[in-house]
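This is what each chain is made of:
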Amino acid sequence: MSLPIAQILLANATSAAPDYPTMTGWSWLYMLIVWAAIIALNVFCFGRIFTTKK
């Protein structure tokens, strides 16, 4: 596929796509914090489940 055809196809695809809201830097940071909290909670819970007390 030559470059001009790829550019035309890409332009058609982007013009046909609806305008979705973009994520800001704060929203990426919030998502990172939430995922870290979810993973930390999973590690804590599974650590409690799979460790045995003597």
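A brief structural summary. Counting of residues starts from 1 at the beginning of each chain's written sequence and follows it residue by residue. For a predicted model such as this one, the threshold for reporting local features is a pLDDT of at least 70, and the threshold for listing and counting side-chain atom pairs is 80 or more; totals across whole chains, interfaces and linings nevertheless cover every residue. Just so you know, side-chain values use all the structure's heavy atoms and leave hydrogens and water out.

## What about the overall build of the protein?
Then step 1. Across its full length, the protein holds 2 helices and 0 strands.
Then step 2. Looking at the protein as a whole, 0% of its 54 residues qualify as buried.
Then step 3. To be clear on the numbers: accessible area is Shrake-Rupley with a 1.4 Å probe, and residue cover counts the displayed protein chains and nothing else. When the accessible surface of the protein is totalled, it reaches about 5400 Å², and 74% of it is carbon and sulfur. A run of H or I in DSSP counts as a helix once it spans at least four residues, and a run of E counts as a strand once it spans at least two, with each numbered from the N terminus. Partly exposed residues are those whose accessible area sits between 20% and 50% of the maximum for their type, while under 20% is buried and over 50% is exposed, using a 1.4 Å probe and protein chains only.

## A few points about the packing of aromatic side chains
Then step 1. Planes of paired rings set the category: under 30 degrees apart is stacked, over 60 is edge-to-face and the rest tilted, where pairs are Phe, Tyr or Trp rings (Trp by its six-membered ring) whose centres lie within 6.5 Å. Enumeration according to the criterion identifies 1 aromatic pair in this entry.
Then step 2. Note on F46 and F50: the rings are 6.0 Å apart at their centroids and 10 degrees apart in plane angle, and the pair reads as stacked. Placement of both F46 and F50 in helix α2 (residues 25-50) is noted, with a separation of 4 residues, approximately one turn of the helix.
Then step 3. With a relative accessible area of 64%, F50 lands in the exposed category.

## Considerations on a nonpolar patch on the surface
Then step 1. Nonpolar side chains collect at one region of the surface, where M23, W28, Y30, M31, V34, W35, I38, I39 and V43 lie side by side and expose about 920 Å² of accessible area between them.
Then step 2. Mapping I39 onto the fold places it in helix α2. Residues form patches when they are more than 30% accessible in relative terms and have no salt bridge. Like charges link within 9 Å. Nonpolar side chains (Val, Leu, Ile, Met, Phe, Trp, Tyr) link within 5 Å. Salt bridges are identified by distance alone: a Lys or Arg side-chain nitrogen within 4 Å of an Asp or Glu carboxyl oxygen.

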